[in-house]
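Working through the structure, step by step
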Amino acid sequence: MTMIDPQALGAIERHVADYFDTVYRPGADRLHAIVHVSPHPSDGRIAFSGPVYRAGGGFPVTRTLLLADDGEPTWIGAPDANLSDPRWSPDGRLIAFLSDEGHGAGNLQLVVADAATPDRHRATVVLDGEAVESFAWSPDGTRILLQTADAGSDAAGSAATARIGSAAEAERPSWAPMVETSDHADKWRRAHIWEVATGRLTGIGTAGQNVWECDWLGHDRVVAILSGNPGEGGWYQTHAGVAPAAGGAFVRLADSDLELAGIKGSPDGRLVALIEGRFHRTVQLGSLVLIDAPTGVTSRPAIDAEISTLAWRDPGRLFFAGFAAPETVAGTLEIDGGQVAIEWRTSGTAGRKVPFAAPTGQQGLLAPVHGFDTYQQLRHIDADGASATLLDLADPPVLALQQQLGSAAAIEWPGAERMPIKGYLAKPAGVERPPLVLFVHGGPSHLFRDSWTFDNPFAALLVRAGYAVLACNPRGSSGRGLDFAERVIGDWGGADHVDLLAGVDHVVAEHGVDPDRLFVIGGSYGGYMTSWLVTRTDRFRAACAMAPVTDMRSQYFTAHHPEFLTLYTRGSPYEVGGIFDQRSPLRHADKVVTPTLLIAGEVDHTTPSSQAVQFYRALALRGVPTELALYPEEGHAPLRYEAQVDQGTRILRWFRQWDRPAGETRLG
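Before going into details, it helps to say that this report is about the structure given with it. (Residues numbered from 1 in each chain as written. Predicted model: local features only at pLDDT ≥ 70, side-chain atom pairs only at ≥ 80, totals over all residues. Heavy atoms only, no water.)

1. Some details on the packing of aromatic side chains
Rules: Working definition: a ring pair exists when centres of Phe, Tyr or Trp rings (six-membered ring for Trp) sit within 6.5 Å. Plane angles under 30 degrees give stacked, over 60 give edge-to-face, the rest tilted. By definition, being over a ring means that NZ of Lys or CZ of Arg is both within 6 Å of the ring centre and within 35 degrees of the ring normal.
Summed over all chains, the structure comprises 27 aromatic pairs. A ring pair is formed by tyrosine 556 and phenylalanine 557, whose centres lie 5.0 Å apart and whose planes are at 85°; its orientation type is edge-to-face. Here a set of aromatic residues connected by ring pairs shows up, and it is made of Trp235, Tyr236, Phe279, Trp492, Tyr525, Tyr528, Trp532, Phe564 and Tyr568. Taking the ring centre of phenylalanine 135 as reference, the NZ or CZ of arginine 87 above it sits at 5.3 Å. Positioned above the aromatic ring of tryptophan 532, the side-chain terminus of arginine 536 is 4.1 Å from the ring centre.

Printed below as a string of structure tokens:
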């Protein structure tokens, strides 16, 4: 096995440590992303929150700041507790948050404060054994709707963490077994209404109704996305329902064969808006659906974009943000006339996994904006589309990093069956004929956008180290309509892998990279595709599969959402010789010659670490150069600062180890 010399390894370690220190700035008390944004209804203040890494690393906490018209942002809440999702009451007199202070990490509860003194709690709603995932003020501001999960419930399949909150567990002897039974009740999600004046709490829904999302429908009803199955797979089998705010069961309002998300009831109780498509729970991007609440009749207004965010400006005007490849857009739909006004568009993006923006009054919006060459900013866009930067989170080291990274170019090439495939190419500054890394996203319904680090810190790390990175959106990706997203169903590892290899061919032919120095990396579905590609071709010098699926049959029986796999493959684990065998990398591991690094978190319930272990052992038994890194505290993606630094170091070392001799890949 080729080894890397100590001097080169030391350079890699310093490079990675400096990069993550610049991107995350642990101990500097500064956000490295903006997640939630809430404008005050009248006085110009803006509350927003995002992740912060503390001195010494560890896992990030979500903190909240308040930005006044003419001042610097000020912190709200304790520095060591999560305080997130600030939301002003409709009259602006109160502000509510989610906080886990005093409740245990991740056990978020509702906190309400006076708007004049947001740092001093006025009331806290504590739900024993439940964590609050989301909430919404009633239109009159007298009540708050809570959507909760039993502590310890599974997090979304594409989330980095494994659990919501932490269930209290009696101390048990070290020898005692962990026991599961087939009749064990899974963790449930529920809806409650809390009255601000009295503190009275009312449960909404009934046993057997799992509430994934909910919102007010006028003053006296609640609308929700529901399933009868509380497990993560139940999210792929949902419907919309309505219940009285006084309490009682949800009554079915509308069904769909697709996934539903982003549900919003109009203030007058007349309409329900939601997003429909093929996507994961944290990556909602699809078509707008309007449901007439009295009749259940649905309509699908023509909006030339995939929608990810919805909010009612007033009963007759619906605000939205979304993606019209390759641009992020935001606008307003006039309900009665059906007119759509696109009020803002950018080649960059706003939000994290999918576009997000918040409306301001009757016109204008706030957006947490970023791009591959632009660190996080908070911008206000007025009625005429003019953009003003209210806050720029970049400091001098980040600005220097932006210069090193350069920009990402939107590119297109013919994929399988000559279908146009889109992606982004980021090339390192000052490097002629750089090596190329094919970066594959998760999902398969995720997508790459022109976003800071392509929403994956390892992508920009590679560019800074001298590699060109191709971030590809093959068929199955979100952002280009339902037909494009569904083309991967029943064909995992088929035309999608051709799209990816065609992208590599295009970049080699047209964009001046070194055709003899090709690499591939990806996580989740990208980890599957990385493992699959090395069974199809030997053209990559090295590969890195993170949180991969390598054997569909064992994935089906060990993951927390087996329904997802049967939906996307249209196969069955009991069908010998079917797609579970044909398209599982493990079944074709005897064809692999590419040096392959496998990375997984040991508390990952989405793609259990056994998937990486199996493929590693298959390659090791055949003498293929391989390495396995298992992180004991990580879930589907690394969150702990130290784990990200270590993983980044391993990736760069692995690629450098199988690249040409030291010195040909610059570490800048």
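2. Re empty space enclosed by the protein
Which entries qualify depends on this criterion: In this analysis the probe radius is 1.4 Å and the grid spacing 1 Å, with only protein atoms considered; a cavity is a set of points the probe fits into but cannot get out of, a pocket is an open set with protein on both sides within 12 Å along at least five of seven lines, and lining residues have an atom within 4 Å of a point. Grid points are joined across faces, edges and corners, and a volume is the space filled by probe spheres set on the points. Numbering of helices and strands starts at the N terminus; helices are DSSP runs of H or I of at least 4 residues and strands are runs of E of at least 2.
Under the counting rule described, the total for this entry stands at two cavities of 30 Å³ or more. Counted as a void, the largest cavity has a volume near 50 Å³. Residue lining of the largest cavity: Glu276, Gly277, Arg278, Leu285, Gly286, Ser287, Glu306, Ser478, Gly479, Gly481, Leu482 and Ala485, and that is the complete set. Broken down by secondary-structure element, the contributors of at least two residues to the lining of the largest cavity are strand 20 (271-277) and helix 4 (482-486).

3. Quick look at the sheet that holds strand 2 (residues 46-54)
This is how the line gets drawn: Only when DSSP finds a minimum of two bridges between them are two strands counted as paired. Structural elements are reduced to axes, namely lines fitted to C-alpha atoms, with helices fitted over the stretch in contact, and the angle between N-to-C directions of any two is expressed from 0 to 180 degrees. The criterion used for residue contact is that any of the two residues' heavy atoms lie within 4.5 Å.
Reading across the sheet, the four strands line up as 1-2-3-4 and stay open at both edges, with antiparallel pairing between neighbours. If you trace the sheet from one side to the other, it starts and ends with strand 1 (36-39) and strand 4 (74-76), each paired once. Strand-to-strand twist across the sheet, computed as the mean angle between neighbouring axes with direction ignored, equals 35°. Across four bridges, the pairing between strand 1 and strand 2 is antiparallel. The residue of strand 2 that forms the bridge with proline 39 is isoleucine 46. Across the sheet, helix 11 (residues 641-657) touches strand 2 and strand 3 (57-67), and the angle it forms with strand 3 is around 120°.

4. With respect to the pattern of salt bridges
The condition that has to hold: Definition used for salt bridges: Asp or Glu carboxyl oxygen within 4 Å of a side-chain nitrogen of Lys or Arg. Between buried and exposed lies partly exposed: a residue is buried under 20% and exposed over 50% of the maximum accessible area for its type, with that area taken using a 1.4 Å probe on protein chains only.
The full count for this structure, using the stated rule, is 40 salt bridges. Close ionic contact of arginine 87 with aspartate 85 constitutes a salt bridge, the shortest N to O distance being 3.1 Å. Its relative accessible area of 29% is what places arginine 87 among the partly exposed residues. When its relative accessible area of 7% is taken as the criterion, aspartate 85 is described as buried. Here arginine 278 and glutamate 259 are joined by a salt bridge, their closest N and O atoms 2.7 Å apart. Of the two residues, arginine 278 is situated in the loop between strand 20 and strand 21 (287-292) and glutamate 259 in strand 19 (residues 259-265); the sequence distance between them amounts to 19 residues.

5. Description of the pairing of strand 13 (residues 189-195)
Here strand 13 lies mainly inside the structure; five of its seven residues are buried. Relative to strand 13, strand 10 (residues 143-150) runs antiparallel, the two being bridged by seven bridges. Bridge assignment links arginine 143 to a residue of strand 13, and that residue is glutamate 195. Examined bridge by bridge, strand 13 and strand 14 (residues 201-204) share four bridges and lie antiparallel to one another. Residue pairing for strand 14: histidine 192 is matched across the bridge by glycine 203.

6. Concerning the environment of histidine 121
Within the secondary structure layout, histidine 121 lies in strand 8 (residues 121-125). Linking histidine 121 and glycine 27, residues 94 residues apart in sequence, is a C-alpha distance of 26 Å. Those residues in contact with histidine 121 that lie beyond four places of it in its chain are Glu101, Val111, Val112 and Ala113.

7. Let's talk about the layout of surface pockets
Spelled out, the test is: Think of it as three bins: nonpolar holds Ala, Val, Leu, Ile, Met, Phe, Trp, Tyr, Cys and Pro, charged holds Asp, Glu, Lys and Arg, and polar takes everything else, Gly as well.
By volume, the second largest pocket amounts to about 260 Å³. Considering the residues around the second largest pocket, the lining is formed by 20 residues, among which Ser287, Ile303, Ala305, Glu306 and Gly481 are closest to the centre. The set of elements that each furnish at least two residues to the lining of the second largest pocket consists of strand 20, strand 21, strand 23 (306-314) and strand 24 (317-324). Classifying every residue of the lining of the second largest pocket by side-chain character gives 10 nonpolar, five polar and five charged.

8. Here's the deal with the nonpolar core
Among soluble globular proteins, nonpolar side chains are generally buried collectively. Put simply, the rule reads: Here, the term nonpolar core denotes a set of buried Ala, Val, Leu, Ile, Met, Phe, Trp, Tyr and Cys residues that are joined through side-chain atoms within 4.5 Å.
Ranked by size, the top nonpolar core spans 84 residues in total, and within it Leu288, Leu318, Leu436, Leu438, Leu470 and Trp492 carry the most contacts. When sequence neighbours within four positions are dropped, the list of residues in contact with tryptophan 492 reads Pro444, Tyr525, Tyr528, Met552, Phe564, Leu565, Tyr568, Thr569, Ile579 and Arg583. Ranked by size, the runner-up nonpolar core spans 68 residues in total, among them Val354, Val437, Ala465 and Trp654.

9. So, the pairing of strand 2
Summarising burial for strand 2: eight of the nine residues are buried, a large majority. Hairpin remark: strand 1 followed by strand 2, antiparallel, with six residues in the connecting loop; positive phi at glycine 44, about 90°. The loop that links strand 2 with its antiparallel partner strand 3 comprises two residues; one of these, glycine 56, has a positive phi angle of about 95°.

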